[in-house]
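Next come the chains, spelled out residue by residue.
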Amino acid sequence: MEEWKLVLCAVLLGVTLLVVTLLCICTKRKSEQQRLEQRNLEQGRSEQERLEQQRFEQRRPLQQVLPQQQALWEQQRLNQEYQICSEQQNLKQQRQQQQLQRLEQQRLEQQRLEQQRLQKQRLEQQRLEHQRLQKQRLEQQRLDQQKLEQLRLEQERLQQQRLKQQQILEQQSFQQQRKEQERFEHPRFQQRRLIPDTILNENKERQAFDEYEFWEENEVDEYESEDEKEKENVSGEIELKAERRERSRYRSRQRNRRSRSRSRHRNDPTKTLDLHNLSVSDATKQFLEFLEAMEHEYYCSNYRRFNRFIHIITGRGLHSENNIPRIKPAVEKYLRENGYQYEWKNSGGMVTIDLFKTLCPEIQ
């Protein structure tokens, strides 16, 4: 214990000594700083006094200078002030110019950037427009291809329909020709048929055809009457009378229909062509087109008798130069060279063409 006490006392003694030494050092430093500050203050005061003394000494000889010397010094001072002012103005102008240049450079830079931005925007718009036009062109090409494909398919379909119709018309015309030929070759029709003196006589030809139809109906009635006699023995008179009434009604309807169709075709103005007030070339062109159309219509009607006559009004040339006809010889030459059956009427101003005798001479 005593040893520990001695150690503690020694430590405390060392600490106290250390603290005392530190305090002494701090006090010394503070005193030195105070002395330095006082010395500096004294030096500053002495320096100020010296400067004041110099200024005073400088002022005193100036009062003794001559007025000319003072004016010279004043002029020099003014010159120095003017130079200083001019230098300041030059510096100010330079600064302003530099500032203006800097602003101008900034403005040009902004313009350049704006132009670049606009150019980029324009290029982008052009690219988008080009893409849009390209898409439109591709879409238009696709639509055109679709239309062409549809047209091709439609043409093929129409061609097939046309071929079918032609086949059907050929079959019908062949059957109709065969029936007509069989009818004309019948001996009773040959006996009752009236052959006109002239090439074209419409009324007599129609009368002969009507007589043949009347004979055919009567002949059918005779055959039917024989069958009916047999039926009377089997089924009775009531059913026979009803059948007779039905047949008579049917025949009357057929006769009325034939008479209406004949009157309609007899009065049809579309089978007449007027070539007045036309040149020879135009008249020939219209005549050929009309003749071709009428032949096609006559062919499509299976050579019906009431469609066989067409009329061409050429005129007698009374209004031509020297009263010489020009259209009439051209039409007559064409009909004669191509073997048409025709007859001139109205004092040679109208020609009637018989398509039946021209196109079907073998069944006359």
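Note that this is a predicted model, so its numbers are computed, not measured.

Chemist: When you look at the state of the cysteines in this model, what are you seeing that I'm missing?
Modeler: What makes a disulfide is a covalent bond joining the sulfur atoms belonging to two cysteines. A full pass over the atoms with the stated rule returns zero disulfides. Unpaired in terms of disulfides, Cys 26 finds its nearest cysteine sulfur in Cys 24, a separation of 9.4 Å.

Chemist: Looking at this structure, how should I read the pattern of salt bridges?
Modeler: Pairing of side chains with opposite charge becomes possible as their charged atoms draw close. Counted according to the given criterion, the structure contains 12 salt bridges. Across the pair Arg 157 and Glu 154 runs a salt bridge, and its minimum N-O distance is 2.1 Å. Remark: Glu 154 and Arg 157 occur in helix H2 (residues 67–184); sequence separation between them is three residues, near one turn of the helix. A residue is classified by how much of its surface remains accessible, and Arg 157, at 37% relative accessible area, is partly exposed. The network of salt bridges with common partners includes Glu 74, Arg 77 and Glu 81.

Chemist: Looking at this structure, how should I read the nonpolar core?
Modeler: Within soluble globular proteins, side chains that are nonpolar tend to cluster in buried spots. Grouped together as the largest cluster of nonpolar side chains are 19 residues, with contacts concentrated most on Leu 275, Phe 287, Ile 312, Leu 335 and Ile 353. When contributions to this core are tallied by element, the ones reaching two or more residues are helix H6 (280–300), strand S2 (309–313), helix H7 (327–337), strand S4 (350–354) and helix H8 (355–359). Sorting elements by how many residues they give to this core places H6 first, with six residues. Residues in contact with Leu 335, not counting those within four places in the same chain, are Phe 287, Tyr 340, Tyr 342, Val 351 and Ile 353.

Chemist: How should a nonpolar patch on the surface be read in this particular structure?
Modeler: On the surface, Val 7, Val 11, Val 15, Val 19 and Leu 23 cluster together into a nonpolar patch covering about 420 Å² of accessible area. Along the chain, the position of Val 19 falls in helix H1 (residues 2–62).

Chemist: So what exactly am I meant to see when it comes to the sheet that holds strand S1 (residues 272–274) here?
Modeler: Adjacent strands of a sheet pair through backbone hydrogen bonds, lying either parallel or antiparallel. The strand order across the open sheet built from four strands is S1-S2-S4-S3, with neighbouring strands paired in mixed fashion. The open sheet has two edge strands with one neighbour each: S1 and strand S3 (341–345). Across the sheet, the mean angle from the axis of one strand to that of its neighbour is 20°, orientation sign disregarded. Along the sheet, H6 contacts S1, S2 and S4; its crossing angle with S2, the most-contacted strand, is approximately 170°.

Chemist: What should I look at first to understand unusual backbone geometry in this one?
Modeler: Keep in mind that most residues, glycine aside, have a negative phi and that most peptide bonds are trans. At Asn 277, a residue that is not glycine, the phi angle is positive and equals roughly 60°. Along the polypeptide, Asn 277 turns up in the loop between S1 and H6. Its identity as a non-glycine residue notwithstanding, Asn 322 has a phi of 60°, on the positive side. The topology assignment puts Asn 322 in the loop between S2 and H7.

Chemist: It is not clear to me how the pairing of S3 should be interpreted in this structure. Could you clarify?
Modeler: Within a regular beta strand, the side chains point alternately toward one face of the sheet and then the other, so they alternate between its two faces. As paired elements, S3 and S4 share five bridges and run antiparallel to each other. Opposite Gln 341, over in S4, you have Asp 354 as the bridge partner. Hairpin connection of S3 to S4: four residues between the antiparallel strands, including Asn 346 at a positive phi of 55°.

Chemist: Before we go on, may I ask you to explain the packing of aromatic side chains in this structure?
Modeler: Each pair of aromatic rings is reported with the distance of its centres and the angle of its planes. Considering all chains together, one arrives at two aromatic pairs under this definition. Taken together, a centroid distance of 5.8 Å and an interplanar angle of 90° make the contact between Phe 287 and Tyr 334 edge-to-face. Here Tyr 334 lies in helix H7 and Phe 287 lies in helix H6, a separation of 47 residues in the sequence. Given the relative accessible area of 1%, Phe 287 is considered buried. Given a relative accessible area of 28%, Tyr 334 falls into the partly exposed group. Connected via pairs of aromatic rings, a cluster forms that spans Phe 287, Tyr 334 and Tyr 340. Positioned over the ring face of Trp 344 is Lys 328, at 4.8 Å from the centre of the ring.

The rules behind the values
Residues numbered from 1 in each chain as written. Predicted model: local features only at pLDDT ≥ 70, side-chain atom pairs only at ≥ 80, totals over all residues. Heavy atoms only, no water. Disulfide = S-S within 2.5 Å. Salt bridge = Lys/Arg side-chain N within 4 Å of Asp/Glu carboxyl O. Helix = DSSP H or I, 4+ residues; strand = E, 2+ residues; numbered from the N terminus. Buried < 20%, exposed > 50% of the residue type's maximum accessible area, 1.4 Å probe, protein only. Core = buried A, V, L, I, M, F, W, Y, C linked by side-chain atoms within 4.5 Å. Contact = heavy atoms within 4.5 Å. Patch = residues over 30% accessible without salt bridge, like charges linked within 9 Å, V, L, I, M, F, W, Y side chains within 5 Å. Areas by Shrake-Rupley, 256 points an atom, 1.4 Å probe, with all protein chains shown as cover. Pairing = 2+ DSSP bridges. Axes fitted to C-alpha atoms, helices over the stretch in contact; angles between N-to-C directions. Phe/Tyr/Trp six-rings, centres within 6.5 Å; stacked < 30°, edge-to-face > 60°. Lys NZ or Arg CZ within 6 Å of the ring centre and 35° of its normal.

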